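Read off the chains here:
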Amino acid sequence: MAPTRPGISPHPGADVASPSRTAGPRFIRVLLSGGTSGVVLEGETIRAWGVDGSLAADAAGRVTLAAVGERIRWNGSRLLGGSLDVAGAPDLRVGNRKVAGRVRILARKGDLLAVAVEPFEAYVAAVVSREASPRFHPEALAALAVAARTYAVGAAAKPRDPAYDVVASVEDQVFDGMDGVAAVFREAADRTRGVVVRYRGELARTVYHSTCGGRTEDAGSAWGKDVPYLRAQLCVDCADSPVYRWEYRMPEAEGRRVAKALGVPPGRDLRIAVTGRTPTGRASRVRVSSGGVSRELQAAVFRKAAGYAKVRSLKMEIVPAAGEWRITGEGWGHGVGMCQYGANGMARRGAGFREILARYYPGTVITGESP
Ligand SMILES: [Zn+2]
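Residues numbered from 1 in each chain as written. Predicted model: local features only at pLDDT ≥ 70, side-chain atom pairs only at ≥ 80, totals over all residues. Heavy atoms only, no water.

Visitor: Explanation requested: the coordination of the zinc ion in the structure shown.
Guide: For a metal bound by four donors in a tetrahedral arrangement, the ideal donor-metal-donor angle is 109.5 degrees, while six donors in an octahedral arrangement ideally sit at 90 or 180 degrees. Taken together, Cys 212 (SG), Cys 235 (SG), Cys 238 (SG) and Cys 339 (SG) make up the full set of protein donors to the zinc ion, lying 2.3 to 2.4 Å away. Classification of the site at the zinc ion rests on its four donor atoms, whose angles at the metal span 104 to 116 degrees, yielding the label tetrahedral. Counting along the primary sequence, the residues that act as donors to the zinc ion give the motif C-x22-C-x2-C-x100-C. Classification of Cys 235 as buried rests on a relative accessible area of 0%. Judged by its relative accessible area of 0%, Cys 238 is buried. (Donors = N, O, S within 2.8 Å, 3.2 Å for Na, K, Ca; no water. Tetrahedral: all angles 85-135°; square planar, octahedral: opposite > 155°, others 65-115°. Buried < 20%, exposed > 50% of the residue type's maximum accessible area, 1.4 Å probe, protein only.)

Visitor: It is not clear to me how the packing of helix H2 (residues 138-157) against helix H8 (residues 353-360) should be interpreted in this structure. Could you clarify?
Guide: In a pair of packed helices, the angle between the axes and the distance between the axes together describe the arrangement. Here H2 crosses H8 at 55 degrees, and the two axes come no closer than 8 Å. Considering their axes alone, H2 and H8 lie oblique with respect to each other. Seen from above, H2 lies across H8 with right-handed handedness. Here H2 contributes Glu 139, Ala 140, Ala 142, Ala 143 and Val 146 to the contact with H8, which in turn contributes Phe 353, Ile 356 and Leu 357. For the contact of H2 with H8, the per-class residue count stands at seven nonpolar, no polar and one charged. (Axes fitted to C-alpha atoms, helices over the stretch in contact; angles between N-to-C directions. Helix = DSSP H or I, 4+ residues; strand = E, 2+ residues; numbered from the N terminus. Parallel < 35°, antiparallel > 145°, perpendicular 65-115°, else oblique. Left-handed = near helix turned anticlockwise from the far one by under 90°. Contact = heavy atoms within 4.5 Å. Nonpolar A, V, L, I, M, F, W, Y, C, P; charged D, E, K, R; others polar.)

Visitor: Just checking my understanding: could you explain unusual backbone geometry for this structure?
Guide: Note: most peptide bonds trans; most residues except glycine with negative phi. The peptide bond linking Ala 89 to Pro 90 adopts the cis configuration, its omega dihedral lying at 0 degrees. Not every positive phi belongs to a glycine, and Asn 75 is a case in point at roughly 55 degrees. Within the element layout of this structure, Asn 75 appears in the loop between strand S4 (71-74) and strand S5 (78-80). One non-glycine residue, Arg 200, lies in positive phi territory at about 50 degrees. Position of Arg 200 among the secondary structure elements: in the loop between strand S12 (196-199) and strand S13 (202-203). Residue classification places Arg 200 among the exposed positions, given a relative accessible area of 75%.

Visitor: How should the packing of aromatic side chains be read in this particular structure?
Guide: Where two aromatic rings form a pair, the distance of their centres and the angle of their planes describe that pair. Overall, the coordinates contain three aromatic pairs when judged by the stated rule. With a centroid separation of 5.7 Å and an interplanar angle of 35 degrees, the aromatic rings of Tyr 123 and Phe 175 are classed as tilted. With Tyr 123 in helix H1 (residues 120-131) and Phe 175 in the loop between strand S11 (166-167) and helix H3 (183-191), this pair connects stretches of sequence that are 52 residues apart. Look at Tyr 123 and you get buried, because its relative accessible area is 1%. Owing to a relative accessible area of 0%, Phe 175 belongs among the buried residues under this scheme. With centroids separated by 5.0 Å and ring planes inclined at 45 degrees, the aromatic side chains of Tyr 199 and Tyr 229 adopt a geometry described as tilted. Taken together, the positions of Tyr 199 in strand S12 and Tyr 229 in the loop between helix H4 (219-223) and strand S15 (246-251) put the pair 30 residues apart, joining distant regions of the chain. Here the two residues Tyr 199 and Tyr 229 agree in accessibility, since each one is buried. The ring of Trp 332 has Arg 312 sitting right over it, with the charged end atom 4.3 Å from the ring centre. (Phe/Tyr/Trp six-rings, centres within 6.5 Å; stacked < 30°, edge-to-face > 60°. Lys NZ or Arg CZ within 6 Å of the ring centre and 35° of its normal.)

Visitor: Help me understand the layout of surface pockets, please; the structure alone is not making it clear to me.
Guide: Taking a probe equal in size to a water molecule and rolling it over the atoms shows the remaining empty space. Its volume calculated, the largest pocket comes out at about 1100 Å³. Lining the largest pocket are 38 residues; nearest its centre among them are Tyr 208, His 209, Trp 223, Gly 333 and His 334. Elements that contribute at least two residues to the lining of the largest pocket include exactly strand S14 (208-209), H4, strand S17 (283-290), helix H6 (299-306) and helix H7 (340-348). Taken together, the residues of the lining of the largest pocket break down into 17 nonpolar, 13 polar and eight charged. (1 Å grid on protein atoms, 1.4 Å probe; cavity = no way out; pocket = protein on both sides within 12 Å on 5 of 7 lines; lining within 4 Å. Points joined across faces, edges and corners; volume = space filled by probe spheres on them.)

Visitor: Hey, could you run me through the pattern of salt bridges in this one?
Guide: Where charged atoms of side chains with opposite charge meet at close range, the side chains can pair. Inspection of every chain in the model, using the stated rule, returns 24 salt bridges. A salt bridge links Arg 149 to Glu 121, with the shortest nitrogen-to-oxygen separation between them at 2.7 Å. Residue Arg 149 is found in helix H2, and its partner Glu 121 is found in helix H1; the two are separated by 28 residues along the sequence. You'll find Arg 149 and Glu 121 in the same group, each marked buried. (Salt bridge = Lys/Arg side-chain N within 4 Å of Asp/Glu carboxyl O.)

Visitor: So what exactly am I meant to see when it comes to the nonpolar core here?
Guide: The tendency in soluble globular proteins is for nonpolar side chains to be buried side by side. Leu 41, Trp 74, Ile 105 and Met 338 are the most contacted members of the largest nonpolar core, which has 87 residues in total. Per-element accounting of this core gives the leading share, 13 residues, to H2. Those residues in contact with Trp 74 that sit more than four places away from it in its chain are Ile 46, Ala 48, Ala 57, Asp 58, Ala 59, Val 63, Thr 64, Leu 65, Leu 80 and Leu 84. In terms of nonpolar packing, the next biggest core, distinct from the first, is built from 23 residues, Val 264, Leu 314, Ile 318 and Trp 325 among them. (Core = buried A, V, L, I, M, F, W, Y, C linked by side-chain atoms within 4.5 Å.)

Visitor: Hey, could you run me through the side chain of Thr 150 in this one?
Guide: Along the chain, the position of Thr 150 falls in helix H2. On the basis of relative accessibility, which here comes to 1%, the residue Thr 150 falls in the buried class. A distance of 2.7 Å separates a polar atom in the side chain of Thr 150 from the backbone oxygen of Val 146. Those residues within four positions of Thr 150 in sequence are excluded, and the remaining contacts are Val 195, Val 196, Val 197, Leu 203, Ala 204 and Thr 206. (Polar contact = N/O pair within 3.5 Å; in protein donor to acceptor, adjacent residues only side chain to side chain.)

Visitor: Before we go on, may I ask you to explain the sheet that holds strand S22 (residues 365-367) in this structure?
Guide: Strand pairing in a sheet is mediated by backbone hydrogen bonds. Such pairs are either parallel or antiparallel. A sheet is described by the order of its strands in space; here three strands give the open sequence S13-S12-S22, paired in antiparallel fashion. The open sheet has two edge strands with one neighbour each: S13 and S22. Note: S12 against S22, three bridges, orientation antiparallel. Among the inter-strand pairings, Val 197 is bridged to a residue of S22, identified as Ile 366. Across the sheet, H2 is in contact with S12 and S13; its angle to S12 comes to roughly 65 degrees. (Pairing = 2+ DSSP bridges.)

Below, the structure is given as structure tokens:
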């Protein structure tokens, strides 16, 4: 949970080290924006320190920062050094995001990087808040917090860059700041503080998805590489998910667009069909053909071209109809690992977060600080 900040304390000093260098991660460095020429900071009081720990600048309300080569221009006037640690009181906003910790601003060859140094559990809570509904059962949220933390601890042990551990987008986990992070999310992170999932001593790949639609998927079938604890599990607990069953009526024009994007010039005889399935019944191959051109491709490539929010999973059937393709399916997401709605269903039936994790990551061990 984010500590409340009564005001701006002195320069943070060494506490912005990568969490991998501390016994248990206390902070995680999240790249909020990079490769931009400017960043806007907002806070009632804003204060910035240079690398030597001396106060470099302060302001009230709003500050615009810009990169000038390897230096930072403060509010369009003063030229400061290439690295600033910024804090705000009572809080600090970077772009549209409210951060829980401080922000390190770096100038690199005319680009400005904004790196939030977030208390680890605040980051976990924020990630879960983007993934799950606040109406989820607390035990399901706790299981998700453990999964998100396990990923983050692993990522922080292998930083993406000397200046940051993770990025704030889907390439890692979506971090949108602390706005809208309801108490239930902070509680889920707090009560599982430090808990991670391991397999044979190593951090597990705790992947998850919205809804499996009845059976999770093998990592080997989805991604071509078997993972001992990411194997298909029967799951009847997600039946109340709004996307347990779905239908997408892909209009003819959209089918033509997708075919074209996949390298098949669409004629009147355009055909799109599932030609291969995994043992759990998910589409593995899709054939797109028209005229003399026929392409069989990975079903995941088709799903990406058609749109992840339209073709919500590969547990689907494609049926040509008049002027459209009727695509009906089950679940949302890749189906590997923990099914979030399944976790919620289990929790409602009385399961605790450890039981939930053991079900979706069989053979793993749950370790960490929380009793
Ligand atoms: Zn499920």
